[in-house]
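Spelled out, the chains give:
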Amino acid sequence: MSVSGMKKQLHKASQLLNERLMGAEGTKLDEDFLKMEKSVTVIHILLAELLSKTTEFLQPNPAYRAKLSMLNTVSRIRGQGRATGYPQTEGMLGDCMLLYGQELGAASEFGGALAGVGEALQQVAQARDSLDVSVKRTFIDPMQDLHNSELKDIRYQLKKVNGRRLDFDYKRRRRGKVPTEELRQAWDKFITSKELAERSMFTLLQNDVDQLGRLATLVAALLDFHRNAHRILQGLHGNLQARLTAASNKPERRFKPRKIRVRSDYSNSIGFYHQPSSVSSGEQLTVLPSRPGSPISCYADSKLVLDQPCCRAMYSFLPNHEGELGFSEGDVIVLTGRADANWYEGTLGGRTGLFPVSYVDVLVPLPLP
């Protein structure tokens, strides 16, 4: 900063102190200007909080909000982008129901109903993804631009008005010691800055059409989401009622105990018993070899993995960068380390890389450092 610039800053500080401590009277701005300045200040604070609250409304989870703020809406709308990256809560619940509904199989009415609810919740999650994209494109981004550009310029102009007003008042207070021409130049600069800021504030405050249009698009996006969710859930409710009626009309089945086959160590003979407790102390209950894919073999395989830190993939993950580890839903990944709060390092099928913490369910945690 030049010497003249430093002197000017000292003069402004001197005038401000005199006004606040000594009761010196500064130049009064007109009432219309002060009203506009107050309205602009309110809008500035409003936009900062409104943007934060809108993003929090769309994604309550802080990690999801961070992802939403980086969402490339243009590529998503054109179909060029991948999924949001973090699953919606409806989708997570739907995935869980669909998985176990398929495990129970079509023969189970409960399993079929679970799968149906899971598919419906996945559709609701897709509708919410569309809501996120729509609100960010038509409401959050325009409001963010307004906050970061037009309002930022106005606040800068108001700061300059106040600075030039202090400079003028300081020189006026020292009238006789300050040349008249210098005082007149300070007045001209102050008035020019005031008119420029006043014109910018007037334009902003008169532009209600754009702001109302953005609010209308926000409400329209919410209405569209709830309409789609209502349609999906209404159809699901009808399907569940039909399943409930069909299940209620099924004939009642009676339980019939089945016999258990055991082998005697003494005679190698095979006998049939209704209860395992009927096996004598001289006989040993053995289990026949399990079939591949049966619960017994699955448990045995899992024991080979569960003796070391590992996790199971809740969702499929496609790597975006070199060094990331891709996997499919249900894969069991051996944990080798943790890069930070959001990324694990692990091994799968001879491949090693990083993957998101939120995509997996830890079965055996890493040892504490």
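Please read all numbers here as calculations on a predicted model, not as lab measurements. (Residues numbered from 1 in each chain as written. Predicted model: local features only at pLDDT ≥ 70, side-chain atom pairs only at ≥ 80, totals over all residues. Heavy atoms only, no water.)

1. Topic: the overall build of the protein
For step 1, the next point in the chain: For the protein, the count of helices and strands is 9 helices and 7 strands.
For step 2, the next point in the chain: When each of the 369 residues of the protein is scored for burial, the buried share is 31%.
For step 3, the next point in the chain: Long-range contacts, defined as pairs at least 24 residues apart, comprise 60% of the intrachain contacts of the protein with a sequence gap of at least 6. (Helix = DSSP H or I, 4+ residues; strand = E, 2+ residues; numbered from the N terminus. Buried < 20%, exposed > 50% of the residue type's maximum accessible area, 1.4 Å probe, protein only. Contact = heavy atoms within 4.5 Å.)

2. Focus on the sheet that holds strand E7 (residues 360–364)
Strand pairing in a sheet takes place through backbone hydrogen bonds and is either antiparallel or parallel in direction.
For step 1, the next point in the chain: The sheet built from 5 strands is open, its strands ordered E6-E5-E4-E3-E7 with antiparallel pairing. Among the strands making up the open sheet, the edge pair consists of strand E6 (351–356) and E7. Neighbour-to-neighbour, the strand axes of the sheet open up by a mean angle of 40 degrees, direction not taken into account. (Pairing = 2+ DSSP bridges. Axes fitted to C-alpha atoms, helices over the stretch in contact; angles between N-to-C directions.)

3. Brief notes about the packing of aromatic side chains
For step 1, the next point in the chain: Applying the stated rule across the entire model yields 9 aromatic pairs.
For step 2, the next point in the chain: A ring pair is formed by Tyr 315 and Tyr 359, whose centres lie 6.0 Å apart and whose planes are at 90 degrees; its orientation type is edge-to-face. With a gap of 44 residues between them, Tyr 315 in the loop between strand E3 (310–313) and strand E4 (332–338) and Tyr 359 in the loop between E6 and E7 connect regions that are remote in the sequence.
For step 3, the next point in the chain: Under the relative-accessibility criterion, Tyr 315 is labelled buried at 10%.
For step 4, the next point in the chain: Their ring planes at 65 degrees and their centres at 5.4 Å tell us that Phe 317 and Tyr 359 sit as a pair that is edge-to-face. On the criterion of sequence distance, the pair formed by Phe 317 in the loop between E3 and E4 and Tyr 359 in the loop between E6 and E7 is long-range, its members being 42 residues apart.
For step 5, the next point in the chain: The exposure class of Tyr 359 is buried, given its relative accessible area of 11%. (Phe/Tyr/Trp six-rings, centres within 6.5 Å; stacked < 30°, edge-to-face > 60°.)

4. A few points about the nonpolar core
For step 1, the next point in the chain: Core analysis: the biggest nonpolar cluster contains 31 residues, and Val 135 and Met 201 have the highest contact counts within it.
For step 2, the next point in the chain: Elements represented by at least two residues in this core include exactly helix H2 (31–58), helix H6 (109–173), helix H7 (180–206) and helix H8 (208–248).
For step 3, the next point in the chain: Looking at which element gives the most residues to this core, the answer is H6, with 15 residues.
For step 4, the next point in the chain: In contact with Met 201, other than residues within four places in its own chain, are Phe 33, Met 36, Glu 37, Val 40, Ile 154 and Leu 158.
For step 5, the next point in the chain: By size, the runner-up hydrophobic cluster in this structure holds 14 residues, among which are Cys 311, Tyr 344, Val 357 and Val 360. (Core = buried A, V, L, I, M, F, W, Y, C linked by side-chain atoms within 4.5 Å.)

5. So, the environment of Ala 120
For step 1, the next point in the chain: Mapped onto the elements of the fold, Ala 120 is located in helix H6.
For step 2, the next point in the chain: For the pair Ala 120 and Ala 229, spaced 109 residues apart in sequence, the C-alpha separation works out to 9.0 Å.
For step 3, the next point in the chain: In contact with Ala 120, not counting residues within four places along its chain, are Ile 232 and Leu 236.

6. Description of the state of the cysteines
Chemically, a disulfide is nothing more than a covalent bond linking the sulfur atoms of two cysteines.
For step 1, the next point in the chain: All told, the structure shown has 0 disulfides when counted by the stated rule.
For step 2, the next point in the chain: Looking at the unpaired Cys 311, the closest cysteine sulfur is the one in Cys 310, lying at 7.0 Å.
For step 3, the next point in the chain: Exposure remark for Cys 311: the relative accessible area of 0% places this residue in the buried category. (Disulfide = S-S within 2.5 Å.)

7. Re the confidence of the model for the protein
For step 1, the next point in the chain: Put simply, the protein has an average pLDDT of 78, and 74% of its residues get 70 or more.
For step 2, the next point in the chain: Here residues 73–84 is modelled with pLDDT under 50, and outside its nearest four sequence neighbours on either side it reaches 21 contacts, counting other chains as well. (pLDDT = per-residue confidence, 0-100.)

8. Considerations on the pattern of salt bridges
For step 1, the next point in the chain: One pass over the structure, following the stated rule, counts 13 salt bridges.
For step 2, the next point in the chain: A salt bridge links Glu 31 to Lys 35; the nearest nitrogen and oxygen atoms lie 3.6 Å apart. Remark: Lys 35 and Glu 31 occur in helix H2; sequence separation between them is 4 residues, near one turn of the helix. In this pair, the class of Glu 31 matches that of Lys 35, namely exposed.
For step 3, the next point in the chain: Measuring nitrogen to oxygen at the nearest pair gives 3.0 Å for the salt bridge that ties Arg 128 to Glu 90. One end of the pair, Arg 128, is in helix H6; the other, Glu 90, is in helix H5 (residues 89–104), and 38 residues separate them in sequence.
For step 4, the next point in the chain: Residue Glu 90 is classed as buried on the basis of its relative accessible area, which comes to 17%. (Salt bridge = Lys/Arg side-chain N within 4 Å of Asp/Glu carboxyl O.)

9. Notes on H7
For step 1, the next point in the chain: When the terminal C-alpha atoms of H7 are compared, their 39 Å separation across 27 residues agrees well with the 39 Å that a helix rising 1.5 Å per residue should span.
For step 2, the next point in the chain: Among the residues making up H7, those that are buried are Leu 183, Ala 186, Phe 190, Ser 193, Lys 194, Ala 197, Ser 200, Met 201 and Leu 204.
For step 3, the next point in the chain: Among the structural elements, H2 and H6 are those in contact with the buried residues of H7. (Expected span 1.5 Å × (residues − 1).)

10. Regarding the pairing of strand E5 (residues 343–348)
For step 1, the next point in the chain: Residues Tyr 344, Gly 346 and Leu 348 line the buried face of E5, whereas the alternating positions Trp 343, Glu 345 and Thr 347 sit on a face that is not buried.
For step 2, the next point in the chain: In this sheet, E5 lies alongside E4 in antiparallel orientation, the contact comprising 4 bridges. By the bridge assignment for E5, Gly 337 is matched with Glu 345.
For step 3, the next point in the chain: Adjacent in sequence and paired antiparallel, E4 and E5 are bridged by 4 residues.
For step 4, the next point in the chain: Where E5 meets E6, 6 bridges bridge the pair, whose relative direction is antiparallel. Counterpart to Leu 348 in the pairing with E6 is Arg 351.
For step 5, the next point in the chain: If you look at the hairpin formed by E5 and E6, you'll find 2 residues sitting between the two strands, and Gly 349 has a positive phi there, around 55 degrees.

11. Things to note about the packing of H2 against H6
For step 1, the next point in the chain: Remark: H2 packs on H6, axes separated minimally by 9 Å, with the N-to-C direction vectors making an angle of 150 degrees. Taken together, the axis directions place H2 and H6 in an arrangement best described as roughly antiparallel. You can see that H2 and H6 cross each other, and the crossing is left-handed.
For step 2, the next point in the chain: A per-class count over the contact of H2 with H6 returns 18 nonpolar, 5 polar and 4 charged. (Parallel < 35°, antiparallel > 145°, perpendicular 65-115°, else oblique. Left-handed = near helix turned anticlockwise from the far one by under 90°. Nonpolar A, V, L, I, M, F, W, Y, C, P; charged D, E, K, R; others polar.)

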